[in-house]
Structures are given as C-alpha cells and as structure tokens.
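As a plain string of letters, each chain reads:
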Amino acid sequence: MTTSFLRRAARPAAVLLVSGAATAAQELPPPEKTEVWKPAPVMVDPGRHGGPPSDAIVLFDGTDLSAWRGRDGAPQWTVADGAMTVRPGTGSLTTKRGFGDAQLHVEWRTPTEIVGESQGRGNSGVFLMGLYEVQVLDSWQNPTYVNGQAASVYKQHIPLVNASRGPGEWQTYDIVFTAPRFTAGGALDQPATLTVLHNGVLVQNHVTLEGPTVFRGAPRYEAHADRLPIMLQDHRNDVSYRNIWVRDLAKSAP
Ligand code: MG
C-alpha cells in the first residue's frame, strides 16, 4: 500500500522531469560542438612512480653534483649511497640552470639520531628561485613555530596538516610553483604561488606569497629575473636529498 502510494505520488514529478529534460535536450547543441580534439597534449612517459617523467630535467640522480654549484664554486656536499648530504658550514647549493614556473620533486631525509630541537633539528630548505622557501625540518614530535615547521612556506603559510615521517625516513615534496610577474617598470604584477604535497598529502593549496622568504620582518617583493636557480639550504644540519627532478613549466607559460 505504501509502495503504490509512493508510485502514484512520484509519477507526476517523473513525467515533469522527463518532459523538462526532453525540452532542454532539444535546445542544446549536439555534444560534438563542445569536444576539443586538437592540439593534443604532448605525450610524456611518466616513468616509475616518483621517478622523473620523460620531460623532466634531472637535478640529482644519486651519482654526482654536476647540476649544482656551491657557495664558493664546486659543491662541497657529500655524495654517498645515492644521496647528497649537507656538509655543515660549506654553504647552500644552487642549480646551474635557472627556473621560473616549475614542478619540482625532491626527496629528503633528516638524521636518524635526534640532535637539537625546534628549528635546530634537521633544518634545511628548498628555495624556489633561491628566494621562496619550502621549509625542510624534522617535524616529527618537534614543537616549533608552526609557520616554520616542515612543509611551511617559511614565515608565511602554515601547512594544512603535519604529514611528517620520522627521523631517518625518506620524505617527499612535490611542489608546483608559479613565479611572480613584474611590470616593465619593476612593480609587482602577479605574486608567486605555491602548491605543495608532503609525502603525497596536500599541505599548501595554491597559496599566494607575500614576497621572498625573510627571517625577520615582513616580506616584500622586489623585481627579479624570470629565471633563477633553485637552492637547497645548508642550515648546519646533516640533511640528505635524493631523486631531485624538475619540469620547466615556464616554456609553455603565457
Ligand atoms: Mg630552513
């Protein structure tokens, strides 16, 4: 009885829906009108999971530092067991090539043995254009100011969650960076943005940067080149990196 009541009650509404859909379908153009076939996206071999896709520039494959410069010339960091490790005090490394808009994959590891606390524990950093830092830090049960913990955009954006692995474990950053744009006169036209996945977890969702990373005071943009080297920071902790690759997105930028 209940079922037949529902059936009766539903019938007029269903008829209305069907006739409404039929009218809308008559008014709409054929679906082919909104299909785009050309130009087809370029084929890219995605490679193994986490590895460089075929259109990536490999910055470190575990063997040498040929893509990098040191503070005083040749890079002084250690290369062993497929990883490169900060030699504290020898300076940060910068890529020989410059990049603007980019997709960057970096794997990093803080020391197994916990030494220090807060900002002194496994501190390093990935600086897009050498200016905009995604913080590297051992943030496994290591309280610090939250806009300076791992996966923060240092002193600007707190990560959405703490997706850290423990000390001594390899971790990943997948970063999408859009460089700032400046007018010919040197004024800011469009600020930089960052999206970051930490160990595959979204932690920065297209955040807008207020300017280059600064330790003290407020960030402020100053016009700079369209392409600048990526930098890995020597913060005097034995942080290691491996499997670093970048896709140059500036080539296709408007
Ligand atoms: Mg740092």
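Just so it is clear, the model here is predicted, and its values are computed rather than measured.

Thoughts on the coordination of the magnesium ion
By definition of the ideal shapes, a tetrahedral metal site with four donors has angles of 109.5 degrees and an octahedral site with six donors has angles of 90 or 180 degrees. Every protein donor of the magnesium ion is listed here as Asn123 (OD1), Ser124 (O), Glu133 (OE), Gln135 (OE1) and Gln233 (OE1), and their distances to the metal cover 2.2 to 2.4 Å. Here the donor residues for the magnesium ion map to a single chain with the spacing N-S-x8-E-x1-Q-x97-Q. Residue asparagine 123 is located in the loop between strand E6 (102–109) and strand E7 (124–128), and its partner glutamine 135 is located in strand E8 (residues 132–136); the two are separated by 12 residues in the primary sequence. Across the pair, glutamine 135 and asparagine 123 agree in class, each one buried.

Some details on the environment of phenylalanine 99
Mapped onto the fold, phenylalanine 99 is located in strand E5 (residues 93–99). Phenylalanine 99 sits in the buried class, given a relative accessible area of 2%. Distance in space between the C-alpha atoms of phenylalanine 99 and alanine 179 is 8.9 Å, their sequence separation being 80 residues.

Some remarks on the pattern of salt bridges
In the structure shown here, the tally under the stated rule is 7 salt bridges. Here arginine 181 and aspartate 101 are joined by a salt bridge, their closest N and O atoms 2.8 Å apart. In this pair, arginine 181 is assigned in strand E10 (residues 181–182) and aspartate 101 in the loop between E5 and E6, connecting sequence segments 80 residues apart. For the salt bridge of aspartate 248 with arginine 227, the shortest nitrogen-to-oxygen distance reads 2.9 Å. You can see aspartate 248 sitting in strand E15 (residues 240–248) and its partner arginine 227 sitting in the loop between strand E13 (201–208) and strand E14 (228–232), a full 21 residues away along the chain. Accessibility expressed as a relative area gives 11% for aspartate 248, which makes it buried.

A closer look at the sheet that holds strand E2 (residues 68–69)
Neighbouring strands of a sheet are bound in pairs by backbone hydrogen bonds; such pairs are parallel or else antiparallel. With antiparallel pairing, the 5 strands of this open sheet are ordered in space as E2-E5-E14-E7-E8. The sheet terminates laterally at E2 and E8, the two strands that pair on one side only. Two strands pair when backbone bridges link them, and E2 and E5 are joined in this way by 2 bridges, in the antiparallel orientation. The residue bridging tryptophan 68 from the neighbouring strand is threonine 95, located in E5.

Calculation rules
Every chain is numbered on its own, with residues counted from 1 as its sequence reads. For a predicted model such as this one, the threshold for reporting local features is a pLDDT of at least 70, and the threshold for listing and counting side-chain atom pairs is 80 or more; totals across whole chains, interfaces and linings nevertheless cover every residue. Calculation of side-chain values draws on the structure's entire complement of heavy atoms; hydrogens and water are dropped beforehand. Here the term donor refers to an N, O or S atom within 2.8 Å of the metal (or 3.2 Å for Na, K and Ca), and because water is left out of the atoms, sites may appear incomplete. Every helix listed is a DSSP run of H or I at least four residues long, and every strand listed is a run of E at least two residues long, numbered separately from the N terminus. Note on exposure labels: buried denotes an accessible area under 20% of the residue type's maximum, exposed denotes more than 50%, and partly exposed covers the range between, all computed with a 1.4 Å probe on protein chains only. By convention in these notes, a salt bridge is any Lys or Arg side-chain nitrogen within 4 Å of a carboxyl oxygen on Asp or Glu. Paired strands, in this sense, are two strands between which DSSP finds at least two bridges.

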